[in-house]
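# Examining the three-dimensional arrangement
Take a look at the letters that make up each chain.
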Amino acid sequence: MGNQLFQEARRFVEMAKSANPSELDTVVEKAKNALSSAYANSTVAEQAQLQQMQQELDQIQ
């Protein structure tokens, strides 16, 4: 159900938001890759949400 890549991107962003400092770089990189993959295969509404997730990710770096 739904866009699998979008759901994966959301999951990785949530993981990055709660990651330990020692894991942060790795999780952020995975989240960025997931966001990029999801963006190309998303609806306009999903793309807007993905952009918001990208902004959240940028704030925790």
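All of the points below concern the structure found in this document. Computed from a predicted structure; not experimentally measured. (Residues numbered from 1 in each chain as written. Predicted model: local features only at pLDDT ≥ 70, side-chain atom pairs only at ≥ 80, totals over all residues. Heavy atoms only, no water.)

### Some details on the packing of helix H1 (residues 4-17) against helix H3 (residues 44-60)
We apply this condition: With axes taken as lines fitted to C-alpha atoms, and helix axes fitted only over the stretch in contact, angles between N-to-C directions fall between 0 and 180 degrees. Only DSSP runs of H or I covering at least 4 residues are called helices, and only runs of E covering at least 2 are called strands; the numbering of each starts at the N terminus. Oblique is the label for every angle not falling under 35 degrees (roughly parallel), over 145 degrees (roughly antiparallel), or within 65 to 115 degrees (roughly perpendicular). Helix crossings are classified by the rotation of the near helix relative to the far one: an anticlockwise turn of less than a right angle makes the crossing left-handed, while a clockwise turn makes it right-handed. A contact between two residues is defined here by any heavy atoms of the two lying within 4.5 Å. The residue classification treats Ala, Val, Leu, Ile, Met, Phe, Trp, Tyr, Cys and Pro as nonpolar and Asp, Glu, Lys and Arg as charged. All others, Gly included, are polar.
The contact between H1 and H3 brings their axes to 10 Å, and the two run at 20°. Taken together, H1 and H3 sit at an angle that is classed as roughly parallel. With respect to the hand of their crossing, H1 and H3 are arranged in left-handed fashion. Residues Phe6, Ala9, Arg10, Val13, Ala16 and Lys17 of H1 touch H3, and the partners they reach there are Glu46, Gln49, Leu50, Met53, Glu56, Leu57 and Ile60. Counted by class, the contact of H1 with H3 contains eight nonpolar, one polar and four charged residues.

### Examining the nonpolar core
Inclusion rule: Buried residues of nine kinds, namely Ala, Val, Leu, Ile, Met, Phe, Trp, Tyr and Cys, make up a nonpolar core once their side-chain atoms join them within 4.5 Å. A 1.4 Å probe rolled over the protein chains alone gives each residue an accessible area, and that area as a share of the maximum for its type sets the label: buried under 20%, exposed over 50%, partly exposed in between.
Counting residues in hydrophobic clusters, the biggest one holds 15 residues, and the most contacted among them are Ala9, Leu35, Leu50, Met53 and Leu57. For this core, the elements supplying multiple residues, two or more each, are H1, helix H2 (24-40) and H3. In terms of residues, this core owes the most to one element, H2, which gives seven residues. Filtering out sequence-adjacent residues up to four positions away, Met53 remains in contact with Phe6, Ala9, Arg10, Val13 and Leu35.

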